[in-house]
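Observations on chain architecture
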Amino acid sequence: MRVICAPDSFKGTLGAGAVAAAMADGLRVLDAIEGIDACPIADGGEGTLDALCAATPSLITRSRTVPGPLGAPVDARYLVRDTCLNRLGDSSRNCPNTCSNTLGDSSGNCPNTCSNT
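Please read these numbers as outputs of a predicted model, since none were measured by experiment. (Residues numbered from 1 in each chain as written. Predicted model: local features only at pLDDT ≥ 70, side-chain atom pairs only at ≥ 80, totals over all residues. Heavy atoms only, no water.)

Considerations on the overall build of the protein chain
Secondary structure summary: the protein chain contains 3 helices and 6 strands in total. Going residue by residue from the N terminus, the α and β elements of the protein chain occur as β-α-β-α-β-β-β-α-β. Expressed as a percentage of the 117 residues in the protein chain, the buried residues total 30%. Just so you have it, the protein chain exposes about 7100 Å², and 53% of that area is on carbon and sulfur atoms. (Helix = DSSP H or I, 4+ residues; strand = E, 2+ residues; numbered from the N terminus. Buried < 20%, exposed > 50% of the residue type's maximum accessible area, 1.4 Å probe, protein only. Areas by Shrake-Rupley, 256 points an atom, 1.4 Å probe, with all protein chains shown as cover.)

Quick notes on the side chain of Thr 48
Tracing the backbone through its elements, the reader meets Thr 48 in helix H2 (residues 48–55). Polar contacts involving the side chain of Thr 48 include one to the main-chain carbonyl oxygen of Gly 45, which spans 2.7 Å. (Polar contact = N/O pair within 3.5 Å; in protein donor to acceptor, adjacent residues only side chain to side chain.)

Overview of the environment of Ala 24
Position of Ala 24 among the secondary structure elements: in helix H1 (residues 16–27). The sequence separation of Ala 24 and Ala 6 amounts to 18 residues, and the corresponding C-alpha distance is 9.9 Å. Leaving out residues up to four positions away in the same chain, Ala 24 has contacts with Cys 5 and Ile 36. (Contact = heavy atoms within 4.5 Å.)

Looking at the confidence of the model for the protein chain
In this model, the protein chain carries a mean pLDDT of 74, and residues with pLDDT of at least 70 account for 69%. Between the elements of the protein chain, mean pLDDT differs from a low of 42, seen in strand E6 (residues 114–116), to a high of 92, seen in H1. For residues 93–117, every residue scores under 50 in pLDDT, and the model assigns this stretch 55 contacts once sequence neighbours within four places are set aside. (pLDDT = per-residue confidence, 0-100.)

Structural notes on the pairing of strand E2 (residues 35–38)
Pairing analysis gives 4 bridges linking strand E1 (residues 2–5) to E2, with the strands arranged parallel. From the neighbouring strand, Arg 2 faces E2, where its bridge partner is Gly 35. On the question of chirality, the crossover connecting E1 to the parallel E2 by way of H1 is right-handed. (Pairing = 2+ DSSP bridges. Right-handed = clockwise from strand over helix to strand, strands pointing away.)

Shown next, in the form of structure tokens:
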């Protein structure tokens, strides 16, 4: 039997990758298991960027300090490849049409379009 371990994170305790690894470790003691695939997933909230990075090694994680919903500075992580992905919960801001001046790289430039997740 082949098993897929595809958990979401356990909010505030373990990320989806750690949960998937723990599940896989627990299943390895069973003789009937021929193979185990650990595939962390996410529902669009906490852990989404980590799950995307685990599945797509070519993604680059960046962070930027941006104003939060009440104006206080918050750290917002985003991923860069062909497009910039910003988890809206990190900043509670609308993603602009381009990444310039808000989600860009250290030079402030990201020529690609953004999508809120």
